[in-house]
Amino acid sequence: MGRRLLLLGPPGAGKGTQAAMVRTALGIPHISTGAMLRDHVERATELGFAAQIIMDAGDLVSDEIVIAMVEERLDQPDAACGFLLDGFPRTVAQAEALDALLGEQRPLEAVISLEVIEDEVVQRLLDRAAKEGRADDNEQTIRNRMAVYRELTEPLIAYYDRAGIVRPIDGMGAIEEIFGRIAASLAAS
Ligand code: AMP
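Residues numbered from 1 in each chain as written. Predicted model: local features only at pLDDT ≥ 70, side-chain atom pairs only at ≥ 80, totals over all residues. Heavy atoms only, no water.

1. Comments concerning the overall build of the chain
Scanning the chain from N- to C-terminus turns up nine helices and five strands. Ordered by position from the N terminus, the helices and strands of the chain form the series β-α-β-α-α-α-β-α-β-α-α-α-β-α. Against the globule reference of 16 Å for 189 residues, the chain gives a C-alpha radius of gyration of 16 Å, in line with a compact fold. Its C-alpha atoms give the chain principal-axis dimensions of roughly 40 × 35 × 30 Å. With 189 residues in all, the chain has 44% of them scored as buried. A fraction of 74% describes how many contacts in the chain between residues 6 or more apart in sequence connect residues 24 or more apart. Working note: accessible area of the chain is about 9500 Å², and carbon and sulfur atoms make up 53% of it. Considering the chain, the positive charge centre built from 19 side chains and the negative charge centre built from 31 side chains are found 4 Å apart. (Helix = DSSP H or I, 4+ residues; strand = E, 2+ residues; numbered from the N terminus. Rg over C-alpha atoms; globule rule 2.2 N^0.38 Å. Buried < 20%, exposed > 50% of the residue type's maximum accessible area, 1.4 Å probe, protein only. Contact = heavy atoms within 4.5 Å. Areas by Shrake-Rupley, 256 points an atom, 1.4 Å probe, with all protein chains shown as cover. Lys, Arg positive; Asp, Glu negative; His and termini not counted. Charge placed at Lys NZ, Arg CZ, Asp CG, Glu CD.)

Here you go:
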């Protein structure tokens, strides 16, 4: 049976990198709302224009928009056999909407919570800015993204703790090392 996973962590924790590795290892689709939104920006859709301004500021796109995007994506046949969510949910309202979408038949099974030291995270983002030239990776935006994370997204750890599905993972160290911890945690059940 497929697995229904969520990768949670602050911006720069390496979610995208680890998600790609988990996807390869488990053969489940990697669903990233950030990637979906960047795709809209690249294709210059109406949503892309609106989203770009918000993303460049490090703020959150509206719950309504991302929930609709995820609902459509989870309806695709490949997601019937499991999925790994990355970057969604980012607010308690999104988490509640996700619970409702999944229903009691196929609830989220595990939340991989990447734990990192904030200074390291900011450095990772600055490195990525230099490499990829992402407009949402300048220092002011990074600080805002961290503040938004703490205020709106971090409460999700307590939210999922109540369901007993959080798996804290040390997110510091080499990429392969961190992936090893995730794989071990997922193999434990
Ligand atoms: P990410 O690639 O996950 O870091 O997302 C990049 C940006 O896309 C974020 O800083 C937000 O502006 C936007 N975004 C991605 N996912 C969400 C979400 N679930 N809710 C609101 N905004 C999002």
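Next, the rest of the story.
2. Considerations on the sheet that holds strand β1 (residues 4–8)
In space, the five strands of this open sheet follow the order β2-β3-β1-β4-β5, with parallel pairing throughout. On the outer flanks of this sheet lie β2 (30–32) and β5 (166–170), each paired with one strand and no other. Direction aside, neighbouring strands of the sheet carry axes that sit 25 degrees apart on average. Contacts from helix α1 (residues 15–26) reach β1, β2, β3 (83–86) and β4 (110–115) within the one sheet, and its direction differs from that of β1 by about 160 degrees. (Pairing = 2+ DSSP bridges. Axes fitted to C-alpha atoms, helices over the stretch in contact; angles between N-to-C directions.)

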